[in-house]
Amino acid sequence: MQNILEFPEVLRLIEDRSAAFRAAIASAPDLDVQVPTCPDWTLRDLAQHLGDGRRRQAAIVAAGPGAEPPAKTDPKGAPTAPRDREALDAWLAESTGLMLDALREAGPDRGCWTWWGRSQAPQTSGAVARHQIQEIALHTYDAQLTQGAAQPLPTDVAVEGVDEFLTTVSATTVPWPFKPATIDLHATEGRSWRLTLDADGVRCDDLAADAEPGDMTMRGAASELVLYFYARIPLDSVETTGDTEPMEQLAEWDPNA
């Protein structure tokens, strides 16, 4: 399978979604309200998480290949996000900038530590960048939802996100412990995938135009599919046919347990 987007476009989308997140935080009347989709966090906690995470990813990418992530250098942990709105916005922008600088310096093909060693995604800075789009886009949705103004993920982000989730999060070489199955996924934007779940693990491939239907089919806008994958909306929010049990099992299964 080929990545949908080139590396410069991936970096542009990281910048775009980071700006959208900052806008959602800046427009919130109260940063101490609970985030419905992250119930343990307030909007302020969400901002702290996003800033901390991008700074940590900058360090991981800059460290290059390794069997373990680089040690955190500050024994007291990451700095607390500023409470002042203007300073918070600058801190979030700086956090994203540090990560983007590290990604540009590394380029898409340099190896670095990732948590997905058993997936179909490579352990490279380019794969990290792809995943970062989704991290930031999902939390932008969370911030917008908290204010009652959630927007679908942009089409290019969402189509990339379906592919990225299936190859990075779903795919694994750990044997599938349940009945073998195939799941076909169709984004209404025109892209289709097949997940094969069997004793060899979970694999993702582009769905051939002449393929026989799988055991289950999911169809929806790419944004809906991504939001389902990350438990932002329920399965019945997308169109399904066939046996839904394999997808429900996949959503609950932890191959590393």
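Rules behind the numbers
Residues numbered from 1 in each chain as written. Predicted model: local features only at pLDDT ≥ 70, side-chain atom pairs only at ≥ 80, totals over all residues. Heavy atoms only, no water. Helix = DSSP H or I, 4+ residues; strand = E, 2+ residues; numbered from the N terminus. Rg over C-alpha atoms; globule rule 2.2 N^0.38 Å. Buried < 20%, exposed > 50% of the residue type's maximum accessible area, 1.4 Å probe, protein only. Contact = heavy atoms within 4.5 Å. Areas by Shrake-Rupley, 256 points an atom, 1.4 Å probe, with all protein chains shown as cover. UniProt positions renumbered as here; feature names shortened; annotations may be inferred. Phe/Tyr/Trp six-rings, centres within 6.5 Å; stacked < 30°, edge-to-face > 60°. Salt bridge = Lys/Arg side-chain N within 4 Å of Asp/Glu carboxyl O. Axes fitted to C-alpha atoms, helices over the stretch in contact; angles between N-to-C directions. Parallel < 35°, antiparallel > 145°, perpendicular 65-115°, else oblique. Left-handed = near helix turned anticlockwise from the far one by under 90°. Nonpolar A, V, L, I, M, F, W, Y, C, P; charged D, E, K, R; others polar. Patch = residues over 30% accessible without salt bridge, like charges linked within 9 Å, V, L, I, M, F, W, Y side chains within 5 Å. Lys, Arg positive; Asp, Glu negative; His and termini not counted. Charge placed at Lys NZ, Arg CZ, Asp CG, Glu CD.

With respect to the overall build of the protein chain
Part 1: Within the protein chain, the secondary structure is distributed over seven helices and seven strands.
Part 2: Here the C-alpha atoms of the protein chain give a radius of gyration of 19 Å, agreeing with the 18 Å that 2.2 N^0.38 yields for 257 residues.
Part 3: Seen through its principal axes, the protein chain has C-alpha atoms that stretch 55 × 40 × 35 Å.
Part 4: Burial statistics for the protein chain: of 257 residues in total, 49% are counted as buried.
Part 5: Partitioning the intrachain contacts of the protein chain with sequence separation of at least 6 by distance along the chain shows that 68% fall at a separation of at least 24.
Part 6: With an accessible surface of roughly 12,300 Å², the protein chain has 50% of that area assigned to carbon and sulfur atoms.

Looking at the UniProt feature "domain: MDMPI C-terminal" (unreviewed entry) in the protein chain
Part 1: In this numbering, the UniProt entry assigns the feature "domain: MDMPI C-terminal" (unreviewed entry) to residues 156-245.
Part 2: Between the C-alpha atoms that bound residues 156-245 there is a distance of 29 Å. The span itself is 27% helix and 32% strand.

Quick look at the packing of aromatic side chains
Part 1: Tallying each qualifying case throughout the model produces six aromatic pairs.
Part 2: Taking the centre distance of 5.1 Å and the plane angle of 85 degrees together, the rings of W115 and W116 count as edge-to-face.
Part 3: Exposure remark for W115: the relative accessible area of 47% places this residue in the partly exposed category.
Part 4: Owing to a relative accessible area of 4%, W116 belongs among the buried residues under this scheme.
Part 5: Residues F165 and Y230 carry aromatic rings whose centres are separated by 5.0 Å and whose planes lie at 75 degrees to one another, so their mutual orientation is edge-to-face. Taken as a pair, F165 in helix α5 (residues 155-170) and Y230 in the loop between α6 (222-229) and β7 (239-242) lie far apart in primary sequence, 65 residues in all.
Part 6: For F165, a relative accessible area of 10% puts it in the buried group.
Part 7: Chaining the aromatic ring pairs together yields one cluster made of F165, Y228, F229 and Y230.

Some remarks on the pattern of salt bridges
Part 1: Counted according to the given criterion, the structure contains 17 salt bridges.
Part 2: One salt bridge in this structure joins R104 and D101, with 3.8 Å as the shortest N-O distance. Here the residue R104 and the residue D101 both occupy positions in helix α3 (residues 85-106), the gap between them amounting to three residues, near one helical turn.
Part 3: The salt bridge partner of D198 is R203, with a shortest N-O separation of 3.1 Å.

Comments concerning the environment of W113
Part 1: As for its placement among the helices and strands, W113 is situated in the loop between α3 and α4 (125-146).
Part 2: W113 sits in the partly exposed class, given a relative accessible area of 22%.
Part 3: C-alpha of W113 to C-alpha of E15: the two residues are 98 residues apart in sequence and 22 Å apart in space.
Part 4: Not counting residues within four places of it along the chain, the set of residues in contact with W113 comprises I60, G64, G66, A67, E68 and P69.

Let's talk about the packing of helix α2 (residues 43-63) against α3
Part 1: Here α2 crosses α3 at 20 degrees, and the two axes come no closer than 8 Å. It follows that α2 is roughly parallel to α3 by the angle criterion. The handedness of the crossing between α2 and α3 comes out as left-handed. Across the interface between the two elements, A47, Q48, G51, D52, R54, R55, Q57, A58, V61 and A62 of α2 pack against L88, W91, L92, E94, S95, T96, L98, M99, A102, L103 and A106 of α3.
Part 2: Taken together, the residues of the contact of α2 with α3 sort by class into 12 nonpolar, five polar and four charged.

With respect to a negative patch on the surface
Part 1: Taken together, the side chains of D215, D243, E245, E248 and E252 make up a negatively charged region of the molecular surface.
Part 2: As for its position among the elements, E248 is in helix α7 (residues 245-252).
Part 3: By relative accessible area, E248 is classed as partly exposed at 41%.

Observations regarding the side chain of S95
Part 1: Mapped onto the elements, S95 comes out in helix α3.
Part 2: Not counting the four nearest positions on each side in its chain, S95 is found in contact with G51, R54 and R55.

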